[in-house]
Amino acid sequence: MRESDLDAILAIEQRAYPFPWTRGIFRDCLAAGYPAWVLQERGLPIGYAVISVAADEAHILNICVAPERQGRGHGRQLLRSLVKLAMDLGAARIFLEVRPSNPNAIALYHDEGFNEIGRRPRYYPARDGREDALVMAMELVGEDIDRMPAL
């Protein structure tokens with residue numbers, strides 16, 4: 001992901017989430033050097049992901065596929081790429097937060113080997129105040145990648 005991708009990324013972000021990240025948040029991630037990828041189809045951005053890796057831990061900060069392109073394995077492809085990157089960078093575990101109101105994402109994360117390890121109360125903004133976040137994690141050992149189901 002580059003600064004020049006942000007207009008397209010923000011358009012997807014705003015279609016996908018009722019409380020989207022701002023341009024400033026994406027810029028801060030790029031300035032901090034966080035690995036950030038854009039998934040393209042026929043040269044057009046259809047998804048993206050941002051991850052932070054420090055010491056032996058990785059944290060998926062944002063993973064998103066354009067709503068009209070969801071349900072076709074693109075999110076799984078992005079997630080697997082992030083897991084592989086985290087392993088390549090020496091992370092022993094990977095974390096993420098997800099809204100309890102996002103059952104499709106939760107199912108994907110469980111299917112790929114993540115487990116719920118906790119809850120962050122009132123973590124996300126919501127229409128009626130705040131929504132908790134489920135905290136999920138996966139230990140990264142070599143055979144995890146081999147055990148993931150095929151796309």
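Look up: the structure comes first, before these words.
Heads up: these notes are all about the structure in this document. (Residues numbered from 1 in each chain as written. Predicted model: local features only at pLDDT ≥ 70, side-chain atom pairs only at ≥ 80, totals over all residues. Heavy atoms only, no water.)

1. Some words on helix α3 (residues 74–88)
So, step 1. Compared with the 21 Å implied by 1.5 Å per residue over 15 residues, the 21 Å span of α3 between its first and last C-alpha is a close match.
So, step 2. Among all positions of α3, only H74, R76, L78, L79, R80, L82, V83, L85 and A86 are buried.
So, step 3. Phi turns positive, to about 90°, at G90, one or two residues after α3. (Helix = DSSP H or I, 4+ residues; strand = E, 2+ residues; numbered from the N terminus. Expected span 1.5 Å × (residues − 1). Buried < 20%, exposed > 50% of the residue type's maximum accessible area, 1.4 Å probe, protein only.)

2. So, unusual backbone geometry
So, step 1. In this structure, R42 takes a positive phi of about 55° despite not being glycine.
So, step 2. Tracing the backbone shows R42 in the loop between β1 (36–41) and β2 (44–54).
So, step 3. Unusually for a residue other than glycine, A55 sits at a positive phi of about 55°.
So, step 4. Here A55 is to be found in the loop between β2 and β3 (57–65).
So, step 5. A relative accessible area of 75% means that A55 is categorised as exposed.

3. Looking at the state of the cysteines
So, step 1. With the rule as written, the count across this model stands at 0 disulfides.
So, step 2. In this model C29 remains outside any disulfide bridge; the closest cysteine sulfur is found in C64, 14 Å from its own. (Disulfide = S-S within 2.5 Å.)

4. Observations concerning the packing of aromatic side chains
So, step 1. Overall, the coordinates contain 4 aromatic pairs when judged by the stated rule.
So, step 2. Ring geometry for F26 versus Y48: centroids 5.7 Å apart, planes at 80°, classification edge-to-face. Linking F26 in helix α2 (residues 23–31) with Y48 in strand β2, this pair joins segments that are 22 residues apart in sequence. Just as F26 is buried, Y48 falls in that class too.
So, step 3. Aromatic ring contacts, followed pair by pair, group W21, F26 and Y48 into a single cluster. (Phe/Tyr/Trp six-rings, centres within 6.5 Å; stacked < 30°, edge-to-face > 60°.)

5. Description of the sheet that holds β1
So, step 1. Spatial strand order, β1-β2-β3-β4-β6-β5: 6 strands in an open sheet with mixed pairing. One side of each edge strand has no neighbouring strand; the edge strands of this open sheet are β1 and β5 (115–126). Averaged over all neighbouring strand pairs, the angle between strand axes comes to 25°, with direction disregarded.
So, step 2. Summarising the sheet, strand β4 (residues 93–98) and strand β6 (residues 129–139) pair through 6 bridges and their orientation is antiparallel. Its bridge partner lying in β6, E97 is registered against V135.
So, step 3. The sheet contacts of helix α1 (residues 6–16) involve β1, β2 and β3, and relative to β2 the element is tilted by about 90°. (Pairing = 2+ DSSP bridges. Axes fitted to C-alpha atoms, helices over the stretch in contact; angles between N-to-C directions. Contact = heavy atoms within 4.5 Å.)

6. With respect to the pattern of salt bridges
So, step 1. Tallying each qualifying case throughout the model produces 14 salt bridges.
So, step 2. With its nearest N and O atoms 2.5 Å apart, the salt bridge here joins R69 to E41. Taken together, the residues R69 in the loop between β3 and α3 and E41 in strand β1 connect sequence positions 28 residues apart.
So, step 3. Its salt-bridge partner being K84, residue D88 comes within 2.8 Å of it at the nearest N-O pair. Of the two residues, D88 and K84 both sit in helix α3, 4 residues apart, roughly one turn of that helix.
So, step 4. Residues joined by salt bridges that share partners form a network here, namely D56, E57, R93 and E139. (Salt bridge = Lys/Arg side-chain N within 4 Å of Asp/Glu carboxyl O.)

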